[in-house]
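Descriptive structure summary
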Amino acid sequence: MSKANSVHGAAQSAAGYLYQARLALAESLRYAYSDSSVEVFVERLDDVSFERDGAPLELLQTKHHLKKAGDLSDGSVDLWKTLRVWADAVGDDPSLPGRTRFVLITTAKAPDGSAAAHLRPAGAGSTARDPAVADELLMAAADASKNQSLQKAIEAFKGLSPAIRHELVSAVEVLDSAAQISDLEVTIEERLKMMAPRGKAALAREQLEGWWWPRICRALQSATPGAISVLEVEQKLDDIRDGLKRDALPLDMEHFVPSAAELESLDQMRFVKQLQSVGIGGSRLEYAKRDFYRASTQRSRWVRDSLLFDDEVGRFEQLLIEEWQPRFAQMCDGLTDGCDAAALRNSGQKLYGWVETDARFPIRSQIARFLTVGSYQILADDLRVGWHRDFESLHAVVEEEPADV
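Here's a quick rundown of the structure. (Residues numbered from 1 in each chain as written. Predicted model: local features only at pLDDT ≥ 70, side-chain atom pairs only at ≥ 80, totals over all residues. Heavy atoms only, no water.)

1. With respect to the overall build of the protein chain
Rules: A run of H or I in DSSP counts as a helix once it spans at least four residues, and a run of E counts as a strand once it spans at least two, with each numbered from the N terminus. It is over C-alpha atoms that the radius of gyration is taken, and the globule rule equals 2.2 Å times the number of residues to the power 0.38. A simple rule labels every residue: compare its accessible area, found with a 1.4 Å probe on the protein chains alone, to the largest value its type can have, and call it buried under 20%, exposed over 50%, or partly exposed in between. Residue contacts are defined here by distance: any two heavy atoms, one from each residue, within 4.5 Å place the two residues in contact. Surface accessibility in these figures is a Shrake-Rupley result with a 1.4 Å probe; residues are shielded only by whichever protein chains are displayed.
Across its full length, the protein chain holds 15 helices and six strands. Computed over C-alpha atoms, the radius of gyration of the protein chain comes to 30 Å, more than 25% over the 22 Å expected from 2.2 N^0.38 for 405 residues, which places it beyond the range of a compact globule. Taken along the three principal axes of its C-alpha coordinates, the protein chain extends 100 × 50 × 40 Å. Counting every position in the protein chain, which comprises 405 residues, the buried fraction comes to 46%. Within the protein chain, residue pairs in contact and separated by at least 24 positions form 69% of the contacts whose partners lie at least 6 positions apart. Accessible area for the protein chain stands at about 20000 Å²; split by element, carbon and sulfur atoms hold 52% of it.

Structure follows, in structure tokens:
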């Protein structure tokens, strides 16, 4: 296999697994606020399964093709691999077709008149749904097949009794020409429109997926594939909806952990030099850089998503400055002209200690430590506030020093 083909194959496989996970979220939204007793699994009974009290309601097979290729003719490998999985399951439990929906979701298109086309939901496509015709076409394809890779699938399907096989085929739905993995954004947002505030479906999706991906990773890492209940999805949707109300701002950076490289890139910034000038270092300095990163990113997201009104950030910063001003003045009053460097550092540390532990001010209805502390770092970087008595002149000296030759 060529290197290009190998890379494409790896991308195809990766996209297929990611597709399952993202589709599981999209399909979970059909149950949200209608049946919170349902649980979703990935890679347990099927690619994706929806269950209640351990009994499957829906078994979903997914077939994702990066270039919208894929064969769904009567001899299709995708189709017969799917039928093998379901035939094996029904062989173990013949009651499944009577209480379970079997769904093949594929980006491929079923040819008109094919078995797969006859298994589309009623009213979908030009070929009428007719499981009996589909069964006949599948049996004819099985008898005519010379493809050795399909023999086990064909044997499993033909090994069912005619009555059970008819029940299985009747329970199958083929959803062809399905959205590709990137297009599922639109599907999820459409299903969120009735749950999110007007105009906020895209932002709600971003926040929901930000929670979903770590959650599904934990489920997959369980000793056996773990369940994610629809109730969990509903609770997260409630949190997102509350956070997107007009009187609230979302705090999606509150617990974000920047990488070591991202924090190291801040080392030459003025707010860092300010802290170092009063002896702040070690973990306290790292916390300050982390809060600067979180607050800067959070505020940028609010601007990008048009969530701020009437210079809210400007008013918030002015509040922070005016709270700092009398405290800075008190600190300066307690210092004599001839005080030594240690006294200046100690007084500056006390002032900054107030920021770390006590300064908590609201922006709209949100009060968060990282926002206040991080915004003070932003102001310190602009020399609008400082911790050392002589912070402005100290910084000016640094800037005026000639570069080394």
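2. Comments concerning the nonpolar core
Selection criterion: By nonpolar core we mean a set of buried residues, namely Ala, Val, Leu, Ile, Met, Phe, Trp, Tyr and Cys, connected to one another through side-chain atoms within 4.5 Å.
Counting 83 residues, the largest nonpolar core has Trp 212, Tyr 376 and Trp 387 as the members making the most contacts within it. Leave out the neighbours within four places in its chain, and Trp 387 touches Gln 274, Leu 275, Val 278, Trp 324, Met 331, Gly 348, Leu 351, Tyr 352, Val 355, Tyr 376 and Ala 380. One finds Trp 86, Leu 138, Val 169 and Ala 171 within the second-largest nonpolar core, a separate group that totals 32 residues.

3. What about the environment of Leu 96?
With respect to the helices and strands, the residue Leu 96 is situated in the loop between helix H2 (77-92) and strand E4 (101-106). Residue Leu 96 is classed as buried on the basis of its relative accessible area of 7%. Residues Leu 96 and Glu 167 lie 71 residues apart in sequence; the distance between their C-alpha atoms is 9.1 Å. Those residues in contact with Leu 96, other than ones at most four positions away along the chain, are Pro 56, Ala 89, Val 90 and Phe 102.

4. Some details on the pattern of salt bridges
Selection criterion: Throughout this description, the term salt bridge denotes a Lys or Arg side-chain nitrogen within 4 Å of a carboxyl oxygen of Asp or Glu.
For the structure on display, the rule yields 33 salt bridges. For Arg 205, the salt bridge goes to Glu 189, with nearest N and O atoms at 2.6 Å. Placement of the pair is Arg 205 in helix H7 (residues 201-220) and Glu 189 in helix H6 (residues 184-192), with a sequence separation of 16 residues. For the pair Arg 205 and Glu 189, one class covers both residues: buried. Two residues, Glu 312 and Arg 364, come together in a salt bridge whose shortest N-O distance is 2.7 Å.

5. Focus: the packing of aromatic side chains
The criterion, for reference: Two rings from Phe, Tyr or Trp (for Trp, the six-membered ring) form a pair when their centres sit within 6.5 Å of each other. Planes less than 30 degrees apart are called stacked, planes more than 60 degrees apart edge-to-face, and all others tilted.
Taken as a whole and assessed by the stated rule, the structure comprises 13 aromatic pairs. With a centroid separation of 5.2 Å and 35° between ring planes, the pair formed by Tyr 31 and Phe 50 is classed as tilted. Residue Tyr 31 is found in the loop between helix H1 (3-28) and strand E1 (39-42), and its partner Phe 50 is found in strand E2 (residues 48-52); the two are separated by 19 residues along the sequence. Seen in terms of ring centroids, Trp 354 and Tyr 376 are 5.7 Å apart; in terms of plane orientation they differ by 65°. Their pairing is edge-to-face. One end of the pair, Trp 354, is in helix H13 (residues 341-357); the other, Tyr 376, is in helix H14 (residues 369-381), with 22 residues separating them in the sequence. We classify Trp 354 as buried; its relative accessible area is 12%. Judged by its relative accessible area of 0%, Tyr 376 is buried.

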